[in-house]
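Results of the structural survey
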Amino acid sequence: MASISIVGLLVYLLAALSPALVRGEMSRYDNYRVYKLNIDSVEQLQMLQLIEQHSDGYTFLSDPVNLNTTVKLVVAPHKAAEFGEFNERFSLKAEVAFENLQTLIDRQLRGRRETFGWTAYHPLEDINAWLDTLVEQYPDVVSPIVAGQTYEGRQIRGVKVSYKQGNPAVFMEGSIHSREWISAATVTWVLNELLTSEDATVRSIAENYDWYVVPVANPDGYVYTHTTTRLWRKTRSRQNVLCYGVDPNRNWDYKFNQGGTSTNPCSDTFSGPSPFSEIETRTLSEYIRTIPNLSTYLDFHSSGQLLMIPYGHTREPLDNYYELMEIGTKAAVKLQERHGSVYKVGNIAEIIYIASGSSLDWVKGTLQTPLTFAYELRDTGEYGFLLPPEQIIPTAEETLDSIIVILEEGKAMATIFTMKLVFVCFAFALFGATVAEKARYDNYRVYRIRVQTNQQLELLQAIEQYPDGYQFWSAPANVGTDVLLVVPPHKRGHFSDIRAQYALRADLQTENLQEQIDQEARPSLRKETFGWTAYYPTDAIYAWLDSLVASYPGVVSPLNIGNSFEGRPIKGVKVSYKAGNKAVFMEGLIHSREWVSGATVTWVLNELLTSSDPKVRQIAENYDWYFFPVTNPDGYEYTHTTDRQWRKTRSQSSILCRGADPNRNWGYNFMQGGASSVPCSDTFAGATPFSEVETRQLSEFIATLDNLSTYLAFHSYSQLLLVPYGHTTARLDNYDETIAIGTKAINKLQERYGTTYKIGNIAEAIYVASGGSVDWVKGVLRTPLVYAYELRDLGRFGFVLPPEQIIPTAEETLDSIIVILEEGANYGYH
């Protein structure tokens, strides 16, 4: 073992104990190459993420997070050969962006003058000295603030600018990531304009807001980028023998460590051992809490040209997402006018990557500050963190243009938001007054896709999350399953590309979906009397139910359990030939686009009243039957008048989005998988269990049926007989008996037309789907026999099953229902 000198040991101990006292030689990046890499495959992404975790001479200037994105990678000279092998093995197609990184760094350090200005980047002491001069020059307007402390004993300094009392407050923060020099430069330039500009719009915001300006929120790290390592990002606290610092924009106590962070102390995104472990974030947050009337928080980073809103832990549009998006979009448009810089707008997680524990999220989530934006300033990757100093002023100019819009639009939004909300509610209360143009699906194609790999599954799930016109008829849930995907005309080129790139096995099912819809709704099939050679709208179904009450007064009685969101009745009938029977409940059209489910329920109802078949008569007369053919009347009506593919209710779930999935909204294992919290999603579960008036009233009625032995829910499509539960594949309650009975039922179903069904619990036979009606009936009411049918077909027509298949579907379904009741009696359930 090599000996260690006493001097060397003392130097090591001094460095370990007092990191502020010992500074090494300034790092250099001579002949370090910067490569531009396009991430085209999952294998490439995984490889680059592995390099990021175990850098060993590599540095990423932008994180490898998603497919089809571009990253910049710094390759140390001793890694050149190894990187060459990576490049060849993974087909990286790496392009040299900069041959010598040090040359770029040297360029950034040019242009410093004796007086403070924006033709160069300045060290911390120059920035603080300039802040002091502002306090001296504008004593009635500018006052010094200390917004926190640092690990190495520095103050987090800034100034307050206030022209009069009672103003709302704006907080501006720069360089929380220390290597992002352009952020501090932009903040100081904007501050200078607030004091010196004669522009009327600048004067308006300067004098009508109180400004709290902190140019460098991470002083220790910022100093380190000037003295030691230009690419340093974190704080400078000591974590272990090898590693320093915590990412101060992952250390805030809101959704801490909920994604986009590392627990490795050497990582650039190390979030720290606990929330607010860093004195910088802890003291800064304490100061921000003291700011009265804080209306706006602006956080400045680089690079990427993005204007981001909370949150970083989720892509869900939370809080006032849509108002912030509207304001941000207008700000980005204004920003582009001056120099042509194009910014994208979105929440952190959706337009850059998951990143939890940030200052922006904490200010929004904890303090509920109305206007919260984070800028990723210039550029889009050519220089990245090393933006040349000649771009400081143009960057700051266009940024100030956008800040003016944020404040003006935010003020206007606060005034009109209440009026807008009242108008929206009033407009939807008058749902019958105006009908939108009917959606059409001309030349929309339907493909059956076999999910063969995890990469394909991830791709399809990403499309499901950001559809841009695509529609899934079956969710991409597991490898080894088929999904049906509706491809709009404008996506044909994109779909062709991803088919080739991911080797998707896609078979064309339907060339023109509109033709299929037109065939399904042919007016010639409708008869004057209600029947099953066509599909009928809600009012025709209800009129037929009323006629049954009139025709069978001793047997059929009307049921009306309440009204829908748009005021339609939820009507059904009870069929009872004698007292004391066990009850069977039949539910249809909870998913409004699944027309064959409602048609099947009404056909079975008609058979129970008119058939002379002994087996039908036996079940008709020895059970009490509760029929609700249309449990989602608003949605079903909407599929006839406006959009054939509508699935949900029609409640107002957000300013932009309508409806909740009524089969994810029941109060049993709510939101335990297979449901979305995004209001625009087809599987949006609703804000809370039973948030939908339809499910709430239906559940309240079902709970009154004390003799209920069987519950049958009808859906389409897939030819499945499903048993609870949807949140788990565990075999709960009387699973074995239910499967045994159901197996005999689907065997009987097959006899008439050869239609093959599969059986299983929801989560294993189709996909995880929590909050469904059958789970609630089973889990809460403990009803013995509970089944959900996914009726015809297997996807050739999907939800748009031709009307000539109504009667065959219903006939074979009734065959199976008879078996369920007969076998259930043998097990003692009736």
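Under the annotation held in an unreviewed UniProt entry, the protein chain carries the name Zinc carboxypeptidase A 1 and is attributed to Anopheles epiroticus. Among the UniProt annotations of the protein chain, the heading Function (unreviewed entry) holds the following wording: "Involved in the digestion of the blood meal." Taken from UniProt, the Subcellular location (unreviewed entry) comment for the protein chain reads in full: "Secreted".

For the rest of this paragraph, the subject is the packing of helix α18 (residues 595-610) against helix α25 (residues 806-826). Relative to each other, α18 and α25 sit at 60°, their axes nearing to 9 Å. Here α18 lies oblique to α25, going by the angle between them. For α18 against α25, the interelement crossing comes out right-handed. Contacts between α18 and α25 pair V596, A599, T600, W603, V604 and E607 from the former with I806, I807, T809, A810, E811, T813, L814 and I817 from the latter. The residue inventory of the contact of α18 with α25, partitioned by class, reads nine nonpolar, three polar and two charged.

Another aspect to go through is the UniProt feature "active site" (unreviewed entry) in the protein chain. According to UniProt, the "active site" (unreviewed entry) feature falls on E376 and E790. With the annotated positions falling across 415 residues, the maximum pairwise C-alpha distance of 48.1 Å shows that they are not confined to a single cluster. Take E376: it is sitting in strand β12 (residues 371-377). Excluding its chain neighbours within four sequence positions, the residues that come into contact with E376 are H301, S302, S303, G304, Q305, L306, M308, Y343 and I352. Reaching out from E376, the side chain makes a polar contact with the backbone nitrogen of S303 at a distance of 3.4 Å.

Turning next to the domain arrangement of the protein chain. Assigned domains of the protein chain: these are domain 1 (33-108), domain 2 (113-371 + 384-412), domain 3 (445-511) and domain 4 (526-827). For domain 1 versus domain 3, the separation of C-alpha centres amounts to 31 Å. With five residues of domain 1 in contact, the opposing surface of domain 3 contributes four residues. Summed over both sides, the interface between domain 1 and domain 3 buries roughly 320 Å², with carbon and sulfur atoms accounting for 40% of that surface. Viewed at the interface, domain 3 and domain 1 are joined by zero salt bridges.

Our next topic: the pairing of strand β21 (residues 708-716). Side chains on a regular strand alternate between the two faces of the sheet. Burial runs high along β21: nine of the nine residues are buried. Relative to β21, strand β19 (residues 582-587) runs parallel, the two being bridged by five bridges. Residue pairing in the sheet places V584 in a bridge with T710 of β21. Bridge count between β21 and strand β24 (residues 785-791): seven bridges; the pairing is parallel. The residue of β24 that forms the bridge with L712 is Y787.

What follows concerns the confidence of the model for the protein chain. On average, residues of the protein chain score 89 in pLDDT, and 93% of them are at 70 or above. Every residue in residues 1-24 is under pLDDT 50, and counting partners more than four places away or in other chains gives 21 contacts. Here residues 416-435 is a poorly scored stretch, pLDDT under 50, and it has eleven contacts once near neighbours within four places are set aside; other chains count.

Let's shift gears to the nonpolar core. Formed by 72 residues in total, the largest nonpolar core has its most connected members in M172, W211 and Y375. Each of domain 1 (33-108) and domain 2 (113-371 + 384-412) gives at least three residues to this core. Those residues within four positions of W211 in sequence are excluded, and the remaining contacts are V159, K160, V161, V170, M172, L194, I205, A206, I403 and L407. Of all hydrophobic cores here, the second largest spans 60 residues; its members include L609, F627, L814 and Y829.

Before going further, it helps to spend a moment on the pattern of salt bridges. Scanning the model with the defined rule gives 34 salt bridges in all. Put simply, K330 and E409 hold a salt bridge, and the shortest N to O gap is 3.2 Å. Highlighted residues: K330 in helix α10 (residues 321-339) and E409 in helix α13 (residues 392-429), separated in sequence by 79 residues. Residues D634 and R568 are paired through a salt bridge, measuring 2.9 Å at the closest nitrogen-oxygen approach. With a gap of 66 residues between them, D634 in helix α20 (residues 633-641) and R568 in the loop between β17 (556-563) and β18 (569-575) connect regions that are remote in the sequence. The same class applies to D634 as to R568, namely buried. Sharing partners across several salt bridges, the network here consists of E566, R568, D634 and R658.

Relative to the helices and strands, K571 is located in strand β18. Side-chain polar atoms of K571 contact the side chain of D546, separated by 2.8 Å. Apart from the residues lying within four places of it in its own chain, the contact partners of K571 are Y542, L545, D546, L559, N560, F628 and P629.

Rules used in this analysis
- Residues numbered from 1 in each chain as written.
- Predicted model: local features only at pLDDT ≥ 70, side-chain atom pairs only at ≥ 80, totals over all residues.
- Heavy atoms only, no water.
- UniProt positions renumbered as here; feature names shortened; annotations may be inferred.
- Axes fitted to C-alpha atoms, helices over the stretch in contact; angles between N-to-C directions.
- Helix = DSSP H or I, 4+ residues; strand = E, 2+ residues; numbered from the N terminus.
- Parallel < 35°, antiparallel > 145°, perpendicular 65-115°, else oblique.
- Left-handed = near helix turned anticlockwise from the far one by under 90°.
- Contact = heavy atoms within 4.5 Å.
- Nonpolar A, V, L, I, M, F, W, Y, C, P; charged D, E, K, R; others polar.
- Polar contact = N/O pair within 3.5 Å; in protein donor to acceptor, adjacent residues only side chain to side chain.
- Domains from an automatic or database assignment.
- Buried area = accessible area lost by both parts, 1.4 Å probe.
- Salt bridge = Lys/Arg side-chain N within 4 Å of Asp/Glu carboxyl O.
- Buried < 20%, exposed > 50% of the residue type's maximum accessible area, 1.4 Å probe, protein only.
- Pairing = 2+ DSSP bridges.
- pLDDT = per-residue confidence, 0-100.
- Core = buried A, V, L, I, M, F, W, Y, C linked by side-chain atoms within 4.5 Å.

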